[in-house]
Amino acid sequence: MAESELTDAQAVARVLDGDIEIFAVLVHRHQDYLFRLLSRHLPVSEVGEAVQETLLDAFEKLSKLREPERFRSWLSAIALRRGADFWRINARRKERFVDFSSPEELALLGDVLSDESVLSFEAMAARREAEKLVEILFDGLAPEDRLALELFYCEEYTLGEIGKMLEWGESKVKVRLHRARKKMALKAEGLLGKGGRP
């Protein structure tokens with residue numbers, strides 16, 4: 001059997017048996033998925049490093065994987081915890097990220113700078129306002145609450161899927177979502193009380 005034909009479980013078993021080169025099969029199979037997953041949760045400039053660290057963590061902790069056939073879900077959980085760690089650390093620093101390193105952001109910036117860009121600018125401004133509002137409402141949430149909200153509302157995972165990814169029970173996911181929605185509603189009420197401006 002060719003190495004590329006190995007299932008995730010077979011590849012994991014071979015790595016644990018000492019054939020560590022086979023881990024490259026798992027890396028090639030899942031790295032694009034990790035880039036897509038983390039790009040929805042982190043600033044673009046942070047994604048590459050987070051993917052590398054996730055794969056390194058997975059390699060180092062592979063012996064702790066109880067269900068090798070669920071390697072991808074386990075890898076997702078590691079990646080998402082890394083994303084939560086990023087926001088936890090940066091919440092303490094109160095940093096705001098403006099990232100023009102993606103082609104989409106650079107194209108929008110170019111549109112804004114051109115003379116014929118009124119409609120593009122208005123669309124971008126509306127999007128930026130929406131993103132700013134979401135960031136303001138997310139500010140102060142526990143990273144785990146933020147992650148649960150993103151997975152449930154933005155990526156439309158079920159409570160059960162989120163629980164498996166984050167190794168939480170379904171009731172913990174429900175509690176996190178409820179708590180986060182309540183905090184965001186209180187913050188929104190506070191903003192409206194100030195005339196809708198932070």
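Just so it is clear, the model here is predicted, and its values are computed rather than measured.

Calculation criteria
Residues numbered from 1 in each chain as written. Predicted model: local features only at pLDDT ≥ 70, side-chain atom pairs only at ≥ 80, totals over all residues. Heavy atoms only, no water. Helix = DSSP H or I, 4+ residues; strand = E, 2+ residues; numbered from the N terminus. Buried < 20%, exposed > 50% of the residue type's maximum accessible area, 1.4 Å probe, protein only. Axes fitted to C-alpha atoms, helices over the stretch in contact; angles between N-to-C directions. Parallel < 35°, antiparallel > 145°, perpendicular 65-115°, else oblique. Left-handed = near helix turned anticlockwise from the far one by under 90°. Contact = heavy atoms within 4.5 Å. Nonpolar A, V, L, I, M, F, W, Y, C, P; charged D, E, K, R; others polar. pLDDT = per-residue confidence, 0-100. Core = buried A, V, L, I, M, F, W, Y, C linked by side-chain atoms within 4.5 Å. Phe/Tyr/Trp six-rings, centres within 6.5 Å; stacked < 30°, edge-to-face > 60°. Salt bridge = Lys/Arg side-chain N within 4 Å of Asp/Glu carboxyl O.

### Considerations on the overall build of the chain
Each helix and strand in the chain was counted, giving 9 helices and 0 strands. Mapped in sequence order, the helices and strands of the chain form the string α-α-α-α-α-α-α-α-α. For the chain, the residues scored as buried account for 36% of the 198 residues in total.

### Concerning the packing of helix H2 (residues 23–39) against helix H3 (residues 44–60)
As a packed pair, H2 and H3 sit with axes 10 Å apart at the nearest point and diverge in direction by 140 degrees. The angle between H2 and H3 falls in the class oblique. Where H2 crosses over H3, the two elements pack in a sense that is right-handed. Taken together, the residues of H3 that come into contact with H2 (itself represented by Phe 23, Val 27, Gln 31, Leu 34, Phe 35, Leu 38 and Ser 39) are Val 47, Gly 48, Ala 50, Val 51, Thr 54, Leu 55, Ala 58 and Phe 59. Its residues assigned to classes, the contact of H2 with H3 shows 11 nonpolar, 4 polar and no charged.

### Examining the confidence of the model for the chain
With 73% of its residues at a pLDDT of 70 or more, the chain has an overall mean of 79. Averaged pLDDT values over the elements of the chain bottom out at 54 in helix H5 (residues 103–113) and peak at 94 in helix H1 (residues 8–16).

### Let's talk about the nonpolar core
One finds Phe 23, Leu 62, Phe 71 and Leu 166 to be the most contacted residues of the largest nonpolar core, which totals 46 residues. Of all the secondary-structure elements, those providing two or more residues to this core are H1, H2, H3, helix H4 (71–93), helix H6 (118–138), helix H7 (143–154), helix H8 (159–166) and helix H9 (170–193). Not counting the four nearest positions on each side in its chain, Phe 23 is found in contact with Val 15, Leu 55, Ala 58, Phe 59, Leu 62 and Phe 71.

### Re the environment of Ala 79
Inspection of the secondary structure assignment puts Ala 79 in helix H4. C-alpha of Ala 79 to C-alpha of Leu 38: the two residues are 41 residues apart in sequence and 7.0 Å apart in space. Residues contacting Ala 79, with those up to four places away along its chain left out, are Leu 34, Leu 37, Leu 38 and Thr 54.

### A look at the environment of Cys 154
Residue position: Cys 154 is located in helix H7. Residue classification places Cys 154 among the exposed positions, given a relative accessible area of 59%.

### Some details on the side chain of His 30
The topology assignment puts His 30 in helix H2. Residue His 30 is classed as buried on the basis of its relative accessible area of 2%. Dropping the residues within four chain positions of it, His 30 is found in contact with Asp 8, Phe 71, Arg 72 and Leu 75.

### Remarks on the packing of aromatic side chains
Where two aromatic rings form a pair, the distance of their centres and the angle of their planes describe that pair. Under the defined criterion, the tally for this structure stands at 3 aromatic pairs. Each ring, one from Phe 23 and one from Phe 59, has its centre 5.1 Å from the other, and the planes form 65 degrees; the classification is edge-to-face. Of this pair, Phe 23 sits in helix H2 while Phe 59 sits in helix H3, and the two are 36 residues apart along the sequence. Judged by relative accessible area, which is 33%, Phe 59 ranks as partly exposed.

### Observations concerning the pattern of salt bridges
Applying the stated rule across the entire model yields 7 salt bridges. When the shortest N-O distance is used, the salt bridge between Glu 53 and Arg 82 registers 2.8 Å. Note that Glu 53 is positioned in helix H3 and Arg 82 in helix H4, a separation of 29 residues in sequence. The residue Arg 70 makes a salt bridge to Glu 67 at a minimum N-O spacing of 3.9 Å. Given a relative accessible area of 27%, Arg 70 falls into the partly exposed group. In the salt-bridge network here, residues are joined through shared partners; they are Glu 53, Asp 57 and Arg 82.

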